[in-house]
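For reference, the chains in residue letters:
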Amino acid sequence: MITTVDRVITILQEISNKVSTRYEKMALIRMSSLLTSLKRCYYCNNESSSNIIAFLLKLCLEIMFQLKYFKDKYDKDLEDNFIRELSKRSRKGSSFSIRMLTESKGIPGKYKKDFLKIYLKICSYVHPSYEFLLSEQQKINVDNLLLEFLDVLLYVLLTCYGPEGRTCDICREHGLKHCLRKCSRAIS
Ligand SMILES: [Zn+2]
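Residue positions are given per chain, counted from 1 along the sequence in the order it is written. With the structure being a predicted model, the display of local features is reserved for residues of pLDDT at least 70 and the display and counting of side-chain atom pairs for 80 or more, all residues being used for whole-chain, interface and lining totals.

## Things to note about the overall build of the chain
Moving on, step 1. Put simply, DSSP marks the helices as runs of H or I at least four residues long and the strands as runs of E at least two long, and each gets a number from the N terminus on. In terms of helices and strands, the chain carries 10 helices and zero strands.
Moving on, step 2. A compact globule built from 188 residues should have a C-alpha radius of gyration of about 16 Å, and the chain, at 16 Å, falls within 12% of that.
Moving on, step 3. Dimensions of the chain, computed from C-alpha atoms along their principal axes, come out at roughly 50 × 45 × 30 Å.
Moving on, step 4. Exposure is read from a count of other C-beta atoms within 10 Å of each residue's own; the residue is exposed at 12 or fewer, buried at 20 or more and partly exposed in between. C-beta atoms are placed from the backbone. For the chain, with 188 residues in total, the buried portion stands at 29%.
Moving on, step 5. This entry defines residue contacts through backbone-placed C-beta atoms, with two residues in contact when those atoms are within 7 Å. When contacts within the chain are restricted to residue pairs at least 6 apart in sequence, long-range pairs at least 24 apart make up 67% of them. When we talk radius of gyration, it's over C-alpha atoms, and the globule rule is simply 2.2 Å times the number of residues to the 0.38.

Rendered as structure tokens:
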């Protein structure tokens, strides 16, 4: 699993070298750093390491959906526009909102529902939720959560930056069901 995370980190870093705006570059670099931190937590087998992992996954997905939102809304060369909106949103505490996911363009409604479910599942380990406070099963199945996370992340990444062979290799190897649909369509 960690070698897969490594491959995703490399893909994110490579895309970050190709994008034209500083915001996109930084967003991609931040995501790759969060995944690098995740690798460190992966082997610490204590009770809160899985919560830290969930936190890193949550932040990473929020960066991804925010990036998709700004890319859909503004043209590539309008960096000023999304920086202005982002700084305004940050002041109001809405740098990420669930609408960035639910109203995301070019993703089928059924998928958005599934993605929201996965996002909320990750959030339930980060908030003082029922699962976190009262569930008997305290420890998260990190591998399962990571696969669901990767399915969403890679799907949205491909939506933003087009089909990419190595990304699809990862989704095929792990049978990431949503992303698999995207990759098989891109190739046929
Ligand atoms: Zn795929």
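## So, helix α2 (residues 22-42)
Moving on, step 1. Relative to the 30 Å expected for 21 residues at 1.5 Å per residue, α2 spans 30 Å between its end C-alpha atoms, a close match to the ideal helical length.
Moving on, step 2. All of the buried residues along α2 are Glu24, Leu28, Met31, Leu35 and Leu38. Mapping the buried residues of α2 onto a view down its axis gives an arc of 70°, with all of them on the same face. Of the residues in α2, the exposed ones pointing more than 90 degrees away from the buried face are Arg22 and Arg40.
Moving on, step 3. The inward-facing, buried residues of α2 abut α1 (2-18) and α3 (49-73). What a helix should span is 1.5 Å times the count of its residues minus one. Taking the helix axis as origin, the arc is that swept by the directions to the C-beta atoms.

## Here we look at the packing of helix α8 (residues 142-161) against helix α9 (residues 165-174)
Moving on, step 1. Between α8 and α9, whose axes approach to 11 Å, the crossing angle comes to 150°. Relative to α9, α8 is oriented roughly antiparallel. Crossing hand, α8 versus α9: left-handed. Along the contact surface, α8 presents Leu147, Leu150, Leu154, Leu157 and Leu158, while α9 presents Thr167, Ile170, Cys171 and His174. Here an angle of 0 to 180 degrees is reported between the N-to-C directions of two axes, which are lines fitted to C-alpha atoms, with helices fitted over the stretch in contact. Note that the term roughly parallel is reserved for angles under 35 degrees, roughly antiparallel for angles over 145, roughly perpendicular for angles of 65 to 115, and oblique for everything else. Helix crossings fall into two classes, left-handed where the near helix is turned counterclockwise from the far one by less than a right angle and right-handed where it is turned clockwise.

## Details of the packing of α1 against α9
Moving on, step 1. One way to put it is that α1 packs onto α9 with a least axis distance of 10 Å and a crossing angle of 160°. Judged by the angle between their axes, α1 and α9 are roughly antiparallel. For the pair α1 and α9, the crossing hand works out as left-handed. Along its contact with α1, which presents Thr4, Arg7, Val8 and Ile11, the element α9 presents Arg166, Thr167, Ile170 and His174.
Moving on, step 2. By residue class, the composition of the contact of α1 with α9 is three nonpolar, three polar and two charged. Any residue outside Ala, Val, Leu, Ile, Met, Phe, Trp, Tyr, Cys, Pro, Asp, Glu, Lys and Arg is labelled polar, Gly included; the first ten of those are nonpolar and the last four are charged.

Scope: geometric values only; no functional claims are made or implied.
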